[in-house]
Amino acid sequence: MNHKLTAPTPPLGWNSWDCYGAAVTEDEIRGNAEYMAKHLKAFGWSYITVDIQWYEPYANSSQYRPFVPLIMDEYSRLMPAENRFPSAAGGQGFKPLADYVHSLGLKFGIHIMRGIPRQAAHAGTAILGSTATARDISHTNSICPWNTDMYGVDASKEGAEAYYDSLFELYAEWGVDLVKVDDIAASRLYDTHQPEIALISQAIERCGRPMVLSLSPGPAPVEYAAFFAEHANMWRVTDDFWDQWPLLLDMFDRCQAWQGVPEPGCWPDCDMLPLGHIGIRSVDGGGADRWTRFTRDEQLTMMSLWSIFRSPLIFGGELRDCDDWTLSLLTNREVLRMHRESRGAKEALRQGDLIVWTAEHADGSRYVAAFNTGESPLQLDLPMNQLESGLPDAITGTELWSSTPAELASGALQASIPPHGVRLYRFF
């Protein structure tokens, strides 16, 4: 099984973190899946992912309760909390919920933390397929600085491989299509956890079910790009991203650092889209229950940068509360076509407040995203041959968000771009 075939284009989906933190319930997962199936599936959206701590019965926000008992089977594997996920009763795990998501024509994802539960290590519980115990393989000095659930796994120990193999055998039985592994791509305490990434990648290959492997959090070190591309499908290039302009402005530098890396099966990840109704039970990101603090121009800027760079698009808001504006951001067929089919994205120009990204399409058309990162309107008068030599004089173009013709005069692109805004074009 070639893992790069698992995500030939950047994944599109929904994740529960931005609105529900660690406290999402089965009803909320089902409701968002139903909305996606009805309103977004036809546009290519497919993944529904249960984020962190689905095994913590009394999680109530994005703030973790330290050292609390977690739901676990006899082989040191975390299981869904039945009070939050009733269909998991009787040891069925996430299979009934995954089956329901699949019945809608969608794909099912889960979040896990790197390592093995601390409570398993302390109790010395068994590992399926090995005589080693959880205590034997745990790396008790390898801990997550922001969550107390796990110890790292010492990849050199007998039983480490069997543990990760047993995890992904279980996830394959459940019908999992995407696994987001956290505290692994980068760490405040340690470097990238390459030995555990390799074990996880190998376990996915062995389990017999294709699964997208997503690594968090960032910023993942760009010098390890070849390693990430060999072992994963997507990896975070930023720490948690929220609805604050300085974080969005910073993403231009991060995308520039990773330009040229995206390719089929391997997608540097700009993190979730904090759009629509977020913060319902997640107090992360400096805000409580709210609609995104991004202005509409900032929302267009984020969607345009993520799409031309070809980051995975993972929506973070409560889908059932989407208004027409938010839905329009997710269902623009021309922007989604660029995201799915373009290639060669690069920063072509950075001049004062103006940043221009370009990409191309196999049919010969060209994409141009002109961003205004400043605080005042920007009057664009940009000679097209400054972006790319050899462009024909008689090109025509369309601004993709407004579906209006591009204004071209004497070979120069002209536009007024609002503060923190963008004009996104396709030229023929």
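Residues numbered from 1 in each chain as written. Predicted model: local features only at pLDDT ≥ 70, side-chain atom pairs only at ≥ 80, totals over all residues. Heavy atoms only, no water.

The name recorded for the protein chain in an unreviewed UniProt entry is Alpha-galactosidase, from Paenibacillus apis. Under the heading Catalytic activity (unreviewed entry), UniProt records this for the protein chain: "Hydrolysis of terminal, non-reducing alpha-D-galactose residues in alpha-D-galactosides, including galactose oligosaccharides, galactomannans and galactolipids." (UniProt positions renumbered as here; feature names shortened; annotations may be inferred.)

S.K.: In this structure, what is going on with the packing of helix 10 (residues 296-309) against helix 12 (residues 333-341)? I would like to understand it.
M.R.: A pair of packed helices is captured by two measures, namely the crossing angle of their axes and the spacing between those axes. Interhelical geometry of helix 10 versus helix 12 gives an angle of 35° and a closest axis separation of 7 Å. On helix 12, the residues touching Ser304, Trp306, Ser307 and Ile308 of helix 10 are Val335, Met338 and His339. Considering only residue class, the contact of helix 10 with helix 12 consists of four nonpolar, three polar and no charged. (Axes fitted to C-alpha atoms, helices over the stretch in contact; angles between N-to-C directions. Helix = DSSP H or I, 4+ residues; strand = E, 2+ residues; numbered from the N terminus. Contact = heavy atoms within 4.5 Å. Nonpolar A, V, L, I, M, F, W, Y, C, P; charged D, E, K, R; others polar.)

S.K.: Can you help me understand the environment of Arg206 in this one?
M.R.: As for its placement among the helices and strands, Arg206 is situated in helix 7 (residues 194-207). Each residue touching Arg206, except ones within four places of it in the same chain, is listed here: Glu161 and Asp165. Engagement of the side chain of Arg206 in a polar contact is seen with the side chain of Asp165, the distance being 2.7 Å. (Polar contact = N/O pair within 3.5 Å; in protein donor to acceptor, adjacent residues only side chain to side chain.)

S.K.: Sorry if this is basic, but what is going on with the layout of surface pockets here?
M.R.: Left-over empty space is what a probe sized like a water molecule reveals as it rolls over the atoms. Within this model, the largest pocket holds a volume of roughly 370 Å³. Contributing to the lining of the largest pocket are 23 residues, with Trp146, Arg188, Pro217, Asp239 and Asp240 lying nearest its centre. Here the lining of the largest pocket is composed, by residue class, of nine nonpolar, five polar and nine charged. What lines the second largest pocket is a set of 15 residues, and nearest its centre among them are Thr9, Pro10, Leu12, Gly44 and Ser46. When residues of the lining of the second largest pocket are assigned to their parent elements, the largest contribution, three residues, is made by helix 12. Its residues placed into classes, the lining of the second largest pocket shows eight nonpolar, five polar and two charged. (1 Å grid on protein atoms, 1.4 Å probe; cavity = no way out; pocket = protein on both sides within 12 Å on 5 of 7 lines; lining within 4 Å. Points joined across faces, edges and corners; volume = space filled by probe spheres on them.)

S.K.: How should I be thinking about the environment of Thr133 in this particular structure?
M.R.: Looking at where Thr133 falls in the secondary structure, it is placed in the loop between helix 4 (118-123) and helix 5 (134-137). In this structure, Thr133 is in contact with Gly124, Thr125 and Ile127, ignoring residues within four places of it in sequence.

S.K.: Which parts of the structure should I look at to understand empty space enclosed by the protein?
M.R.: Here the structure, examined in full by the defined rule, presents four cavities of 30 Å³ or more. In this structure, the largest cavity spans a volume of roughly 130 Å³. Along the walls of the largest cavity sit 13 residues, with Asn15, Lys180, Ser214, Met234 and Ile314 positioned nearest its centre. Mapped by element, the contributors of at least two residues to the lining of the largest cavity are strand 2 (47-50), strand 7 (178-182) and strand 9 (234-236). Computed from the structure, the second largest cavity encloses a volume of approximately 70 Å³.

S.K.: Just to check I follow, could you spell out the pattern of salt bridges for this structure?
M.R.: Inspection of the entire model under this criterion finds 27 salt bridges. For Asp243, the salt bridge goes to Arg290, with nearest N and O atoms at 2.9 Å. Of the two residues, Asp243 is situated in the loop between strand 9 and helix 9 (245-258) and Arg290 in strand 12 (residues 290-291); the sequence distance between them amounts to 47 residues. Residue Asp243 is classed as buried on the basis of its relative accessible area of 3%. Note on Arg290: relative accessible area 10%, which makes it buried. Notably, a salt bridge pairs Arg426 with Asp363, separated by 2.5 Å at the nearest N-O pair. With a gap of 63 residues between them, Arg426 in strand 22 (residues 422-427) and Asp363 in the loop between strand 15 (354-360) and strand 16 (366-372) connect regions that are remote in the sequence. The class of Asp363 is partly exposed, set by a relative accessible area of 43%. (Salt bridge = Lys/Arg side-chain N within 4 Å of Asp/Glu carboxyl O. Buried < 20%, exposed > 50% of the residue type's maximum accessible area, 1.4 Å probe, protein only.)

S.K.: Looking at this model, I keep getting lost on the packing of aromatic side chains. Mind explaining?
M.R.: Aromatic ring pairs are reported here in terms of the distance separating the ring centres and the angle at which the planes meet. A complete count under the given rule lists 19 aromatic pairs for this structure. Ring centres of Phe168 and Tyr171 lie 5.3 Å apart, and the angle between their planes is 75°; this geometry places the pair in the edge-to-face category. You can see Phe168 and its partner Tyr171 sitting in helix 6 (residues 160-174), three residues apart, about one turn around the helix. Under the relative-accessibility criterion, Phe168 is labelled buried at 0%. The buried category is assigned to Tyr171, whose relative accessible area is 3%. On the basis of an interplanar angle of 55° and a centroid distance of 6.1 Å, the ring pair of Trp235 and Trp258 is categorised as tilted. Of this pair, Trp235 sits in strand 9 while Trp258 sits in helix 9, and the two are 23 residues apart along the sequence. Here Trp235 matches Trp258 in class, with each residue buried. (Phe/Tyr/Trp six-rings, centres within 6.5 Å; stacked < 30°, edge-to-face > 60°.)

S.K.: Just to check I follow, could you spell out the sheet that holds strand 21 (residues 412-417) for this structure?
M.R.: Hydrogen bonds between backbone groups are what pair the strands of a sheet, and the pairing can be parallel or antiparallel. Reading across from one edge, 17-21-20 is the order of the three strands in this open sheet, with antiparallel pairing throughout. Among the strands making up the open sheet, the edge pair consists of strand 17 (378-383) and strand 20 (407-409). For this sheet, the mean inter-axis angle between neighbouring strands, taken without regard to orientation, is 30°. In this sheet, strand 21 lies alongside strand 20 in antiparallel orientation, the contact comprising three bridges. For Ala409, the partnering residue across the bridge sits in strand 21 and is Ala412. (Pairing = 2+ DSSP bridges.)

S.K.: Can you walk me through the sheet that holds strand 19 (residues 404-405) in this structure?
M.R.: Spatially, the six strands line up as an open sheet ordered 14-15-16-22-18-19, and their pairing is antiparallel. The open sheet has two edge strands, strand 14 (343-351) and strand 19, and neither has a second partner. Here two bridges tie strand 18 (residues 397-399) to strand 19, and the two strands are oriented antiparallel to one another. Within the sheet, the bridge partner assigned to Thr398 lies in strand 19 and is Pro405. Taken strand by strand, helix 12 contacts strand 14, strand 16 and strand 22, and its axis lies near 70° from that of strand 22.

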